[in-house]
Amino acid sequence: MLEKTYRPQEVEQRLYQMWETSGAFRAGQRPPAPPFTIMIPPPNVTGSLHVGHALNDTLQDILCRFERMRGKDVLWQPGTDHAGIATQLVVERQLAEQQTSRLALGREEFIRRVWEWKEVSGGTITGQLLRIGASCDWSRERFTMDEGLSRAVLKVFVRLYKDGLIYKDNRLVNWDPQLQTAVSDLEVEPIEVKGHLWHLKYPLADNPAHFIVVATTRPETMLGDAAVAVHPEDARYRGLIGAMVRLPLTGRLIPIIADAYADPEKGSGAVKITPAHDFNDFEVGRRHDLPRHNILAPDGTLNDFVPAAYRGLDRFAARKKVLADLEALGLIEKIDPIVHAVPHDEKTKTVVLEPFLTEQWYLNAAPLAAAASDAVRRGETRFVPAHWEKTYFQWLDNIQPWCISRQLWWGHQIPAWYGPDGHIFVEESEAEAVAAAARHYGHEAPLKRDPDVLDTWFSSALWPFSTLGWPDQTPELKKHYKTDVLVTMFDIIFFWVARMMMMGLYFMREVPFHTVLIHARVVDEKGQKMSKTRGNVVDPLTLIDQFGADALRFALAIAAAQGKDVRVGPSRVEGYRNFCTKLWNAARFCEMNGVKRVEGFDPARLQETVNLWIVTEVVRTERMVTEAIQAYRFNDAAGALYRFIWDVFCDWYLEFIKPVLTEGSAAAQAETRATAAFVLDQILILAHPFMPFITEELWQVTGAEGPARETMLTLAPWPEYGTIGAIAAAAEMDWVIALISEIRSVRSTMNVPASAKIALVLKGAGADSLARLSRHKDVILRLARLSTAEAGDEIPKGSAQIVIGEAIAALPLEGVIDMGAELARLKKELQKIEGDIAKIEAKLSNADFVARAPEEIIIEQRERKADAEASALKLKEALARLSR
């Protein structure tokens, strides 16, 4: 028997344990079935569940549960990423608290400590995924540093190196001076800060009384300048091209060069060129064969290239001294206060030395990118929504060499060894490297392994096939590659999606997935981006504690329209907790009224109109839900479920059948109880991918009555109804619903007292409408709160009029409300709303407002306008009814 109240906290853990113990989510249990495979984007092992994860994993889970119920052999591959920088940082902080460091421990002991931390604390996010109901095959959980995946990483590196695609080079990288490692572009967070733009005067070598002025936000880098650039067509400097300037504080002579990079419209039109410390300057330096003077040590102090007075100073201390010395020489023309974006490491928040000239390992990604780009252009992989293909192409078509090395200890150590003369041996193991060295030198030689590790994204790029056992040709690899759909967010199209495409095509000769589903970001209920500063960050675990996992999942799914931000917050989730409660109460109503499943129930043999109608609605809803999920329109699928469960089943069908269950014939009662049980079962099946816990609980409890359940709900077959349903019955009940709804709307809009029962006169009705009125009069009188409902030839004076098909339904309101006052009130309310609409339209048509206002404000204004227009339409309809 169902409890009075659904308590998710008492249900969810028990049900998940039941599913997991039964092996319901394990792949391979349906050998002949077609596969359906999703690779979870592996969260960082250091991470905890945030609302973005909650959305991403809810959408994946909907697809997996849906396809599992449709009979497919589903593999939802779970796992975590070793997150090189983030994990090393966590453990280094722990060591600092213990008054030690990784350098004091040594590499081997430090890595042992990281593994120790991973075993104790690294599974946090996995446990949190269980709470949201993720139906992954946990027996296959992988970790990017586990033995199998590490073997795949080594094989891929060696193959790419021997194919001539991996090489070493001196280039500029983003550098973190605290961790002393290169970091990827993704790990650089531009943060706007208040700063200064210093305008420096460089004296001409042959005329020291004259200067050329350059501007910089990082004056300490002037110690590494290699040139000053001016635009070749800038008349002011045409005579100076080729001349030399004497670099202040160093005495070095550097040339004035002509390059289109210099913008005559900005500042003085002259720019300092520091090839070793600026990405744009690096390219200018390559074009003009300029020297690359690196002035920084890995820890962010100035090195021996600079004059003795600045050596060993931290870069910020050096900045102060450089400025003081330039000021003393009268070489600062002016200082402008500015706000500018300064690159920070997103994890350490240390200002990144952008860039830093250093030798690193690189992957020549261009040939791989061409294949990945062509595959999407040929339609082998498609993006949903399709416009994200442009972002994908833009990056691949302009791809740069990928810096794949990191100066860390935690990660996949690069399988490269150096001989006594620096010759590089790249092999999968040390033994193979030793053998290769012996062949090269003609004798055994001592080797030293490269200390660097690979970028975390390198191993993540292999995720779709390494997790399936590659390089071994496993049955899982054969069955589940290529996978079906990748669900992810737009911000890692470059860093992960494209790289998986490149690696999959190179090593598997096939794309890793046929569809890339890009979901939008999650924002708060007002449409604002979540941030700690705003104080609007939503914790999904708190929401689950308050309202249950199903409420959160449904709130996320119904808001997940393609291409639109997903709004979520406590009040929205609470609203869908109420939806769960509505479903629970509907099941309790059925239970209390003797509704039980009947062996051999056949919906095709129904006789009662109301039952034929509800079965027709079930078939219609199943079609809508199925088509929407298959098209990744989760919001449409959830919306169809919401309307059917709340409006059609609970608010209409259960109300329609109340008198049948108490006063109907024995046959009508039996058929209606059996139909209600059937429809409730269909609701549980259709809603299960979205709300797995409450539906499974209802399935289990209601299964105690009637014929035994053949399976848990999570493994129940998705319905195929064939041709059941009746168009005529659906049309008849739709007519009844429309009539009652319109009468209720009139009562609400015109302030008819709830206690007042009013009359209905149906004028101009045909035979079908009159028959419908006759057959359903009792339910119409009860639900519309009418005193009478009759056909008539005249419309009584003072009536509100409703068009229902070919007929006019008149509601005599004279004496029930003050018609004149009501007309005046409605007109005044309409006038106010139209004024509000005009104000909003004025804002939205103001180009300056649209250009300056944040996106969320624009969205809010548009939504307010849409709501106001809907209200105005209702008022106009009400006025029209009174004016007929």
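For the structure, check the block above.
Keep in mind the model is a prediction, meaning the values are calculated, not measured.

Peer 1: Describe the overall build of the protein, with residues and values.
Peer 2: Within the protein, the secondary structure is distributed over 29 helices and 29 strands. In terms of principal-axis extent, the alpha carbons of the protein reach across some 110 × 65 × 55 Å. Within the span of the protein, comprising 884 residues, buried residues form 54% of the whole. At a minimum sequence separation of 6, the contacts of the protein that also span at least 24 residues come to 77%. Carbon and sulfur atoms form 51% of the exposed surface of the protein, whose accessible area is close to 38,600 Å². Side chains of the protein carry 103 positive and 117 negative charges; the gap between the two charge centres is 3 Å.

Peer 1: I'd like to hear about the nonpolar core, residue by residue, with values.
Peer 2: Within soluble globular proteins, side chains that are nonpolar generally end up buried alongside one another. Within the largest apolar cluster, 217 residues are counted, with the highest numbers of intra-cluster contacts made by Phe458, Met503, Trp613 and Phe656. The biggest single contributor to this core is helix α21 (residues 634–663), with 16 residues. Residues in contact with Met503, not counting those within four places in the same chain, are Val156, Leu160, Leu363, Leu368, Trp402, Phe458, Ala461, Leu462, Phe465 and Met508. With 34 residues, the next largest nonpolar core counts Met222, Leu302, Val306 and Val322 among its residues.

Peer 1: Could you give me a rundown of the pairing of strand β9 (residues 227–230), with the residues and numbers involved?
Peer 2: Side chains on a regular strand alternate between the two faces of the sheet. Here β9 shows two buried faces, one formed by Ala227 and Ala229 and the other by Val228 and Val230. Pairing of β9 with strand β11 (residues 253–258), which is carried by three bridges, proceeds in the parallel orientation. Across the sheet, the residue bridging to Ala229 is Ile257, located in β11.

Peer 1: Go over helix α18 (residues 549–558) with me, naming the residues and quoting the values.
Peer 2: When you tally the buried positions in α18, you get nine out of ten residues, the bulk of the element. Within α18 the residues assigned to the buried category are Ala549, Asp550, Ala551, Leu552, Arg553, Phe554, Ala555, Leu556 and Ala557.

Peer 1: Give a description of the sheet that holds strand β19 (residues 424–426) that names residues and reports values.
Peer 2: Across the sheet, which stays open at both edges, the three strands sit in the order β19-β18-β20 with antiparallel pairing between neighbours. Unpaired on one side and paired on the other, β19 and β20 (448–449) mark the two borders of the sheet. Examined bridge by bridge, strand β18 (residues 416–418) and β19 share three bridges and lie antiparallel to one another. Along β19, the bridge assignment pairs Trp417 with Phe425.

Peer 1: Report on the packing of helix α20 (residues 609–630) against α21, specifying residues and quantitative values.
Peer 2: Between α20 and α21, the shortest axis-to-axis distance is 9 Å and the interhelical angle comes to 170 degrees. As far as their axial angle goes, α21 and α20 are roughly antiparallel. Residues Val610, Asn611, Trp613, Ile614, Glu617, Val618, Thr621, Met624, Val625, Ala628 and Ile629 of α20 touch α21, and the partners they reach there are Asp636, Ala637, Ala640, Leu641, Arg643, Phe644, Val648, Phe649, Trp652, Tyr653, Phe656 and Ile657. A breakdown of the residues in the contact of α20 with α21 according to their chemical character gives 18 nonpolar, two polar and three charged.

Peer 1: I'd love a proper account of the pairing of strand β22 (residues 483–489), names of residues and values included.
Peer 2: A large share of β22 lies buried, amounting to six of its seven residues. Bridging between β22 and strand β23 (residues 513–519) involves six bridges; their strand directions are parallel. Along β23, the bridge assignment pairs Val485 with Thr515. Crossover connection from β22 via helix α16 (residues 493–508) to parallel β23: handedness right-handed.

Peer 1: Pulling in residues and values, what's your account of the pattern of salt bridges?
Peer 2: Side chains that differ in charge, positive against negative, can pair when their charged atoms come close. Scanning all chains against the criterion turns up 47 salt bridges. With a shortest N-O distance of 2.9 Å, Asp225 and Lys272 are connected by a salt bridge. One end of the pair, Asp225, is in the loop between β8 (207–216) and β9; the other, Lys272, is in strand β12 (residues 270–273), with 47 residues separating them in the sequence. Taken individually, Asp225 and Lys272 each receive the classification buried, so the pair is uniform in this respect. A salt bridge links Asp314 to Arg315; its shortest N-O distance comes to 3.7 Å. Given the relative accessible area of 30%, Asp314 is considered partly exposed. Accessibility expressed as a relative area gives 6% for Arg315, which makes it buried. Ionic contacts of the salt-bridge type, sharing partners, join the residues Glu109, Arg112, Arg113 and Glu116 into one network.

Peer 1: Can you break down the environment of Asp234 residue by residue, with the values?
Peer 2: Positionally, Asp234 belongs in the loop between β9 and β10 (244–246). In sequence terms Asp234 and Glu265 are 31 residues apart; their C-alpha atoms lie 9.7 Å from each other. Excluding residues within four positions of it along the chain, Asp234 makes contact with Pro264 and Gly269. Polar side-chain contacts of Asp234 include one of 2.7 Å to the side chain of Arg236.

Peer 1: Could you give an account of the state of the cysteines, with specific residues and numbers?
Peer 2: In this structure the tally under the stated criterion is zero disulfides. With no disulfide of its own, Cys64 has Cys136 as its nearest cysteine by sulfur position, at a separation of 7.2 Å. Exposure remark for Cys64: the relative accessible area of 0% places this residue in the buried category.

Peer 1: Explain the environment of Glu92 to me, and be specific about the residues and the numbers.
Peer 2: Position of Glu92 among the secondary structure elements: in helix α3 (residues 84–97). Judged by its relative accessible area of 22%, Glu92 is partly exposed. Taking the C-alpha atoms as reference points, Glu92 and Leu103, separated by eleven residues in sequence, lie 9.9 Å from one another. Among all residues touching Glu92, those that are not within four sequence positions of it are Arg102, Phe110 and Leu179.

Peer 1: Kindly report on the packing of aromatic side chains, identifying the contributing residues and their values.
Peer 2: Taken as a whole and judged by the stated rule, the model has 40 aromatic pairs. Seen in terms of ring centroids, Trp395 and Phe494 are 5.9 Å apart; in terms of plane orientation they differ by 25 degrees. Their pairing is stacked. Here Trp395 is found in helix α11 (residues 388–397), whereas its partner Phe494 is found in helix α16, with 99 residues between them in sequence. The exposure class of Trp395 is partly exposed, given its relative accessible area of 21%. Given the relative accessible area of 27%, Phe494 is considered partly exposed. Taken together through their ring pairs, the aromatic side chains of Phe554, Tyr576, Phe579, Tyr642, Trp646 and Phe690 make up a single cluster. The ring of Phe143 has Lys118 lying over it, and the distance from NZ or CZ to the ring centre is 4.3 Å.

Peer 1: Describe the sheet that holds strand β6 (residues 181–183), listing the residues and the values that go with them.
Peer 2: The strand order across the open sheet formed by four strands is β6-β5-β14-β16, and the pairing between neighbours is antiparallel. The sheet terminates laterally at β6 and β16 (402–403), the two strands that pair on one side only.

Peer 1: Explain unusual backbone geometry to me, and be specific about the residues and the numbers.
Peer 2: Of note, the bond from Val384 into Pro385 is cis; its omega dihedral lies within 30 degrees of zero at -5 degrees. Tracing the chain through its elements places Pro385 in the loop between β15 (382–384) and α11. In this structure, Pro471 follows Trp470 across a cis peptide bond, with omega equal to 20 degrees. In this model, Arg509 sits at a positive phi of 60 degrees, which is unusual for a non-glycine residue. Structurally, Arg509 is set in the loop between α16 and β23. With a phi angle near 60 degrees, Tyr632 is a residue other than glycine that sits in the positive phi range.

What counts, and where the lines are drawn
- Residues numbered from 1 in each chain as written.
- Predicted model: local features only at pLDDT ≥ 70, side-chain atom pairs only at ≥ 80, totals over all residues.
- Heavy atoms only, no water.
- Helix = DSSP H or I, 4+ residues; strand = E, 2+ residues; numbered from the N terminus.
- Buried < 20%, exposed > 50% of the residue type's maximum accessible area, 1.4 Å probe, protein only.
- Contact = heavy atoms within 4.5 Å.
- Areas by Shrake-Rupley, 256 points an atom, 1.4 Å probe, with all protein chains shown as cover.
- Lys, Arg positive; Asp, Glu negative; His and termini not counted.
- Charge placed at Lys NZ, Arg CZ, Asp CG, Glu CD.
- Core = buried A, V, L, I, M, F, W, Y, C linked by side-chain atoms within 4.5 Å.
- Pairing = 2+ DSSP bridges.
- Axes fitted to C-alpha atoms, helices over the stretch in contact; angles between N-to-C directions.
- Parallel < 35°, antiparallel > 145°, perpendicular 65-115°, else oblique.
- Nonpolar A, V, L, I, M, F, W, Y, C, P; charged D, E, K, R; others polar.
- Right-handed = clockwise from strand over helix to strand, strands pointing away.
- Salt bridge = Lys/Arg side-chain N within 4 Å of Asp/Glu carboxyl O.
- Polar contact = N/O pair within 3.5 Å; in protein donor to acceptor, adjacent residues only side chain to side chain.
- Disulfide = S-S within 2.5 Å.
- Phe/Tyr/Trp six-rings, centres within 6.5 Å; stacked < 30°, edge-to-face > 60°.
- Lys NZ or Arg CZ within 6 Å of the ring centre and 35° of its normal.

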